[in-house]
Amino acid sequence: MTLLLFLSVLIGAILLGLPVAFALLLAAIALMLQLNLFSADILAQALINGVDSFPLLAIPFFLVAGEVMSTGGLSKRIVRMAVSMIGHKRGGLGYVAILTAILLAGLSGSAVADAAALVAILYPMMQKAGYPSGRSVGLLASGGIIAPVIPPSLPLILIGVAGNISIKNLFLGGIVPGLMMGLALMLVWNVLMRSENVETLERATAQERIAAFKDGIWALFLPIIIIGGIRFGVFTPTEAAVVAAVYAILVSTVIYREMTLRGFFQILVNAGRSTAMVMFLVGCAMVAAWLITVAQLPQQLANLLGPLVENPRLLMAVIMILVLCVGMVMDLSPTILILVPLLMPVVKLANIDPVYFGLMFVINCSIGLITPPVGTVLNVVCGVGRVPMSAAVKGTWPFIAAYLVLLALFVAFPSIITVPMKWFIG
């Protein structure tokens, strides 16, 4: 009854058009009334305590680093390096987009930011070379969603906080699945390009490649510093965010000299707005998570899924189908903050590795960013590239299919993720 009440109020509020944060707060108040625990003081205190978390400090700093990257010249130098390396191959700009998406994922951690940057820089080049519009935008959107999986990733920070999972282990565990997502895109793109007649770029000379590498090497150092520092215990993920922000600012102002004081002020404003939205959502979700625990909703859910607890792979398959359905109609962050507190006790009961579960959850939610009807990343790339949504959806489906096959492999063979993850974690 309590579980039904919580879900009914939450879903009803969302369907009425209420922002997800307020819908979570309303569902939490409904639980408080049901349990005779309502108190405005307790509600306010729980809201504040929900964001009083050291790991969450990483979010504003990674957001600043991502904004600096876009305006400070790091993104376009990454693209230039990729073009000089593989731009001359058949369908080369597609491979450039995938390689750039992987490299950018190691810099910003934001799917929307990466996809927008890819479309702004590469889509005009692809149009000029005769690539089909829908397919090009579909590839760029699909490349953008690698960002939530490869560190530094904002969704991995959120799921670490919501599920009490080691953010360091999530970061290190996300490297191999993220690279495999890029490889899956390359395989599909190779098949699609066999029937297309598109222009290829001239092969870059050795001097041009060296020049592009020298110009872009400062941008490449950023993911190396972040991952290396976390892996060898030099700093925590939160401290890594500060290092990333400071490094990006120094490179943009001292070396590339493309960021002005006025531009930096706008970066801080944009990052501040994004942080405020995320933090309020997290605070409301943590209030709901606290009341979910008090009302023993996870135990009720465990009773419903009881027969599946004895078969972890079947349980993971059911959870992934549930998450995929929710992810198609809800953005990534709310999906994490709503479902993870409910599902985490069940996952632990089934002896599923929490880090593996967290990575699978984020990969699954990322796919939802490019699926209709919501498809946040899909909407962004259509807006930036001025491409009809119908064409983008049609162009994205082959890549979504590849991701779903990869997801099914991860469910059937967890060792694909867990074995490399243990090596990275050490």
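Look up: the structure comes first, before these words.
Since we're looking at a predicted model, the values are computed, not measured.

**Describing the overall build of the protein chain**
Moving on, step 1. If you tally the helices and strands in the protein chain, you get 22 helices and 0 strands.
Moving on, step 2. The globule rule puts the C-alpha radius of gyration for 426 residues at 22 Å, and the 22 Å found for the protein chain is close to it.
Moving on, step 3. If you line up the protein chain on its principal axes, its C-alpha atoms span 70 × 45 × 45 Å.
Moving on, step 4. Classification of the 426 residues of the protein chain by burial places 54% in the buried group.
Moving on, step 5. Considering only contacts in the protein chain between residues 6 or more positions apart, those separated by 24 or more positions represent 79%.

**What about the packing of aromatic side chains?**
Moving on, step 1. In total, this model carries 6 aromatic pairs according to the counting rule given.
Moving on, step 2. Note on Phe 62 and Phe 171: the rings are 6.4 Å apart at their centroids and 55° apart in plane angle, and the pair reads as tilted. Pair noted here: Phe 62 is in helix α4 (residues 58-71) and Phe 171 is in helix α10 (residues 167-173), with a separation of 109 residues, a long-range link. The two residues Phe 62 and Phe 171 agree in class, both being buried.
Moving on, step 3. The lysine or arginine in question, Arg 77, covers the ring of Tyr 256, its NZ or CZ lying 3.7 Å from the ring centre.

**Comments concerning helix α19 (residues 354-368)**
Structural remark: α-helix, 3.6 residues per turn; residues separated by three or four positions point the same way.
Moving on, step 1. Here α19 contains 15 residues, and its C-alpha end-to-end distance of 21 Å stays within 8% of the 21 Å for a straight helix at 1.5 Å per residue.
Moving on, step 2. Here α19 lies mainly inside the structure; 14 of its 15 residues are buried.
Moving on, step 3. Two or three places before Val 355, at the start of α19, stands the capping residue Asp 353, its side-chain oxygen 2.9 Å from that residue's backbone nitrogen.

**Focus on the packing of helix α15 (residues 297-304) against helix α18 (residues 332-349)**
Angle between the axes and distance between the axes: these two values describe a pair of packed helices.
Moving on, step 1. Axis separation between α15 and α18 bottoms out at 8 Å; the angle between their running directions is 55°. Considering their axes alone, α15 and α18 lie oblique with respect to each other. Like other packed secondary-structure pairs, α15 and α18 cross with a definite hand, here right-handed. Of the residues in α18, those in contact with Leu 297, Pro 298, Leu 301 and Ala 302 of α15 are Pro 341, Leu 342, Leu 343, Pro 345, Val 346 and Leu 349.
Moving on, step 2. A breakdown of the residues in the contact of α15 with α18 according to their chemical character gives 10 nonpolar, no polar and no charged.

**Topic: the pattern of salt bridges**
A side chain of one charge can pair with a side chain of the opposite charge if their charged atoms are brought near each other.
Moving on, step 1. On inspection of all chains with the given rule, the structure shows 4 salt bridges.
Moving on, step 2. Close ionic contact of Glu 258 with Lys 76 constitutes a salt bridge, the shortest N to O distance being 3.2 Å. A residue pair is termed long-range when its members are at least 10 positions apart, and Glu 258 in the loop between α13 (237-255) and α14 (261-294) and Lys 76 in helix α5 (residues 74-86) qualify at 182 residues.
Moving on, step 3. With a relative accessible area of 29%, Glu 258 lands in the partly exposed category.

**What to know about the nonpolar core**
Moving on, step 1. The biggest cluster of nonpolar side chains holds 167 residues, and the ones touching the most others in it are Phe 62, Trp 189, Ile 336, Phe 357, Met 360, Phe 361 and Val 377.
Moving on, step 2. Contact partners of Phe 357, with chain neighbours within four places excluded, come to Met 316, Ile 319, Leu 343, Met 344, Val 347 and Ile 352.

**Let's talk about the packing of helix α7 (residues 111-128) against helix α8 (residues 133-144)**
Moving on, step 1. Contact geometry for α7 and α8: axes closest at 8 Å, N-to-C directions at 150°. Judged by the inter-axis angle, α7 sits roughly antiparallel to α8. In terms of crossing hand, the pair formed by α7 and α8 is right-handed. The segment α7 lies against α8, with Ala 111, Asp 114, Ala 115, Leu 118, Val 119, Leu 122, Tyr 123, Met 126 and Gln 127 engaging Ser 133, Ser 136, Val 137, Leu 139, Leu 140, Gly 143 and Gly 144.
Moving on, step 2. Split into classes, the residues belonging to the contact of α7 with α8 amount to 10 nonpolar, 5 polar and 1 charged.

The rules behind these values
Residues numbered from 1 in each chain as written. Predicted model: local features only at pLDDT ≥ 70, side-chain atom pairs only at ≥ 80, totals over all residues. Heavy atoms only, no water. Helix = DSSP H or I, 4+ residues; strand = E, 2+ residues; numbered from the N terminus. Rg over C-alpha atoms; globule rule 2.2 N^0.38 Å. Buried < 20%, exposed > 50% of the residue type's maximum accessible area, 1.4 Å probe, protein only. Contact = heavy atoms within 4.5 Å. Phe/Tyr/Trp six-rings, centres within 6.5 Å; stacked < 30°, edge-to-face > 60°. Lys NZ or Arg CZ within 6 Å of the ring centre and 35° of its normal. Expected span 1.5 Å × (residues − 1). Polar contact = N/O pair within 3.5 Å; in protein donor to acceptor, adjacent residues only side chain to side chain. Axes fitted to C-alpha atoms, helices over the stretch in contact; angles between N-to-C directions. Parallel < 35°, antiparallel > 145°, perpendicular 65-115°, else oblique. Left-handed = near helix turned anticlockwise from the far one by under 90°. Nonpolar A, V, L, I, M, F, W, Y, C, P; charged D, E, K, R; others polar. Salt bridge = Lys/Arg side-chain N within 4 Å of Asp/Glu carboxyl O. Core = buried A, V, L, I, M, F, W, Y, C linked by side-chain atoms within 4.5 Å.

None of this, on its own, says anything about what the molecule does.
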